[in-house]
Each structure stands twice: as C-alpha cells, then as structure tokens.
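Residues per chain are reported as follows:
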Number of protein chains: 2
Amino acid sequence: MGVLTSAAKSPKQDRSRATRQRLLEAAVACLAEHGWAGSTVSVVAERAGVSRGAAQHHFPTREDLFTAAVEYVAEERSSALRALGPTDRHTVVASLVDLYTGPLFRAALHLWVAAANEPQLHARVRELEARVGRESHRIAVTLLGADESVPGVRETVQGLLDMARGLGLANLLTDDGARRRRVVSQWAELVDGALGPG
Amino acid sequence: MGVLTSAAKSPKQDRSRATRQRLLEAAVACLAEHGWAGSTVSVVAERAGVSRGAAQHHFPTREDLFTAAVEYVAEERSSALRALGPTDRHTVVASLVDLYTGPLFRAALHLWVAAANEPQLHARVRELEARVGRESHRIAVTLLGADESVPGVRETVQGLLDMARGLGLANLLTDDGARRRRVVSQWAELVDGALGPG
C-alpha cells in the first residue's frame, strides 16, 4: 500500500518537495544577506525561481517561510555534525563552533533579533531556538563523550555552546577566523581536562 | 585660565551636556526596546523631551546618535566594572557576564545586526565594537589577575568574554537567568583553574 501510494504520487510530490527545498534555501540566503527587513516572500520566490503563488502555497505567511527555513537548515547541519562520528575532542569543539559561523547562524541571528521586537515572531522563534538548542546540546554531549551524571559536566558543555554562539556573533562584522582558531584550541583543552576521559 | 573659561561657560555647557546625556540614554533604551528599524532621531528626541532641532544639533545623523549612545553606555558600564576592585574570580566572572545581559547589550546587538546589512553603519560599528572589545578584555585581565605572558591565558580570557556574549544572546528571547547562573558558576571554576594563582 505504502509503496503503491508513494509510487503513484511520486513525480508531482518530488517536484513539490524540490520547490519547497529551493524556497527554504533561498530564504536562509536572503536572511543572511539582507536581514529581516529586506526578506519578504516575494524576494525569496524570485531568488528561488518560483512564482509568488507557488511560494504562498507552501508557506502562507512570511513567518512560516522564515522559521521553516531556519529549522530546515539547522536540521541539515545537525545531521552533518552527527555524521562526524568518533574523533578527538579538539575536532569536535572546532566543528561545533563552525555551526555558529556560517550563513545559517547569520540567518538565525537576524530572525532571532527581529523576533525580539515582533510579537508575531516571538513565540515561534523562541520555541524553535529552544528545540535547536536542545538538539545541539544532545549532539555535543554524544560527540564529546561527556558523562552528564558527573556534576558540572552539563554546564561545561552548555558554556562551550554559549562560547560558540558568542564567537559566531563576533564573526558577524569582521572575519575573526585567526583569533577564533586560537580560542577554540585553548577552550578545547580546558573542556577536555574538565570532562575527563571520554 | 582653564578654571575661568570653564566657570564662564558653565551654565550653558551644563545644560547642553545634560541634554546630550538624556538623548544618549533615550537612544539606548529605544534601540533595546524597538530595534534599529523602530529607532529614529525623532523618536529618541521625543522620548528625551528634547526638540528634534536640538537633537540634530548634537547628532547630525541617525548613525551619529546611535553609535555615540552605545559607546557612551559601554563606557559607563566599563567604569562601573573597573570600580569593582579586588574580589574573588567567581564575582568577576558573574559581573563580566552581567555586562552582556542588560539593556546595553540588547541595544548594541540591534546596532550590530543592523550594521551587517547597512553599509553606512558597518565601518563605524565595527570600529566601535573593536574598541569596546579591547577595553572589556583589558578590564577582564586586570580584574581576574590574569598573567597574559603565560601561554593560553589570553585565549582563556577571550573565550570567557565570547561565552558572556553568547549567554547575552541566549537571554534575548527568554529569561535565561537560572541556567546562566549554573554555567557561570562552573566556568568560573574552570577559568580559575586555568589561570592559576592570581
């Protein structure tokens, strides 16, 4: 049954899924480049090569489109991070920090700051950020081989993710790569010492 | 000479200085509450109880007003922090983090994010952030009694300020105080261990 249904619907569904994906990727790029004020459904539709009507079929409101976009790319990044597999803690810390310095973080930051002053965004973005935050924490704990039953370990990992977020913010106006690598190297050592054998 | 000049100009200068200060404080409050899009010279002038003309006499452009405002409040906060005097490292770490969770950080964040997409703000805010960042670093080194000639110490302090910035960002949409206190407590201990005797 399942196979038949999916086979019968497939070509149209595939096109629809591809359109949706193009819209989400265009929305993140648009937010990262132009900020919330410059990001509308029309601008994104044009960038994705999709009609405005088709875009609104997928995402009835501007808020729908941009929260879905940030969530979609956050999930993509989480999957990539989970695929990292067992490696040394320095590589894990550097990869976690990388999550916060690309276009995804830039897009999320614009959405986040806009939500502070736009009531119709506030609740949705807060809920989205809480979900993404919990997921990043879970992934970090696994990759670092951290034992959260040990007092202080949970807060060590949380502080590391807060530091990563702060490094992302510092990177917004200047290319901060050289300084960041030195901080990451030192904090990877502190975290490694604090967590004990993985 | 100096005394005579300053005495002669005093009443008018005092009024002018008081007006300027009211404008700067109103500008920071306005940025924190309404973001960059909702922050104009007119809105700030009204909030400060100053005519639009008087406001423009002090600050010819919107960019002048808001960069001056963030700089002014950053200096106020730095002075308060410097006045902290010798105390334990846990108190120092908590006070540094406090710098990033009030209305000043909220205002600076709005200015910072707006600058990412507004060419006329970009260079000024980048320069301002670099100056404020260097000053915060200097104060942190002194208060923590950190010896930067020891390898890794500089990066430990920088990472701590990045963490404080990330904690400020996490506080933007939710009151994150309880979690923050636990993270601060754990990282104060890690930083204390990493810095050695002060």
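What you see is a predicted model, and the numbers here were worked out from it, not measured in a lab. (Residues numbered from 1 in each chain as written. Chains lettered and ligands numbered in written order. Predicted model: local features only at pLDDT ≥ 70, side-chain atom pairs only at ≥ 80, totals over all residues. Heavy atoms only, no water.)

A.B. asks: Run through the UniProt feature "DNA-binding region" (unreviewed entry) in chain A, naming residues and quoting values.
C.D. replies: The UniProt record marks residues 40-59 of chain A with the feature "DNA-binding region" (unreviewed entry), using the residue numbering of this structure. Secondary structure content for residues 40-59 of chain A is 75% helix and 0% strand, while the C-alpha to C-alpha distance between its ends is 12 Å. (UniProt positions renumbered as here; feature names shortened; annotations may be inferred. Helix = DSSP H or I, 4+ residues; strand = E, 2+ residues; numbered from the N terminus.)

A.B. asks: Got a sec to walk through the pattern of salt bridges? Specific residues and values, please.
C.D. replies: Applying the stated criterion to the full structure yields 26 salt bridges over all chains. One salt bridge connects R47(A) with E33(A), and the closest N-O pair in it is separated by 2.9 Å. Of this pair, R47(A) sits in helix 2 (residues 41-48) while E33(A) sits in helix 1 (residues 2-34); the two residues are 14 residues apart in sequence, bridging distant segments of the chain. Among the residues examined, E33(A) registers a relative accessible area of 44% and is labelled partly exposed. Here R82(A) and E135(A) are joined by a salt bridge, their closest N and O atoms 2.4 Å apart. With a gap of 53 residues between them, R82(A) in helix 4 (residues 62-82) and E135(A) in helix 7 (residues 119-144) connect regions that are remote in the sequence. Exposure remark for R82(A): the relative accessible area of 46% places this residue in the partly exposed category. Taken together, the salt bridges that share partners define one network made up of D162(A), R165(A), D176(B) and R179(B). (Salt bridge = Lys/Arg side-chain N within 4 Å of Asp/Glu carboxyl O. Buried < 20%, exposed > 50% of the residue type's maximum accessible area, 1.4 Å probe, protein only.)

A.B. asks: Give a detailed account of the relation of the copies chain B and chain A, specifying residues and quantitative values.
C.D. replies: Superposing chain B onto chain A takes a rotation of 180° plus a shift of 0.0 Å along the axis, which leaves an RMSD of 0.0 Å. Accordingly, the operation relating the two chain copies is best matched by a two-fold axis. The residues that chain B uses at the interface reappear at the interface of chain A in 100% of cases, marking a shared surface. (Least-squares fit on C-alpha atoms with pLDDT ≥ 70 in both. Contact = heavy atoms within 4.5 Å.)

A.B. asks: Break down the packing of aromatic side chains for me, with residues and values.
C.D. replies: Applying the stated criterion across every chain, the model contains five aromatic pairs over all chains. Here the aromatic rings of W187(A) and W187(B) are separated by 4.0 Å at their centres, their planes lie at 15°, and the arrangement is stacked. Of this pair, W187(A) sits in helix 9 (residues 177-195) while W187(B) sits in helix 9 (residues 177-195), which puts the two residues in different chains. Under the relative-accessibility criterion, W187(A) is labelled buried at 0%. Taking NZ or CZ as reference, R62(A) lies 3.9 Å from the ring centre of W36(A), over its face. (Phe/Tyr/Trp six-rings, centres within 6.5 Å; stacked < 30°, edge-to-face > 60°. Lys NZ or Arg CZ within 6 Å of the ring centre and 35° of its normal.)

A.B. asks: Which residues make up the nonpolar core, and what values do they have?
C.D. replies: Core analysis: the biggest nonpolar cluster contains 136 residues, and L111(A), L144(A), L111(B), L144(B) and W187(B) have the highest contact counts within it. Each residue touching L111(A), except ones within four places of it in the same chain, is listed here: L31(A), W36(A), F66(A), T67(A), V70(A), L121(A), V125(A) and L128(A). (Core = buried A, V, L, I, M, F, W, Y, C linked by side-chain atoms within 4.5 Å.)

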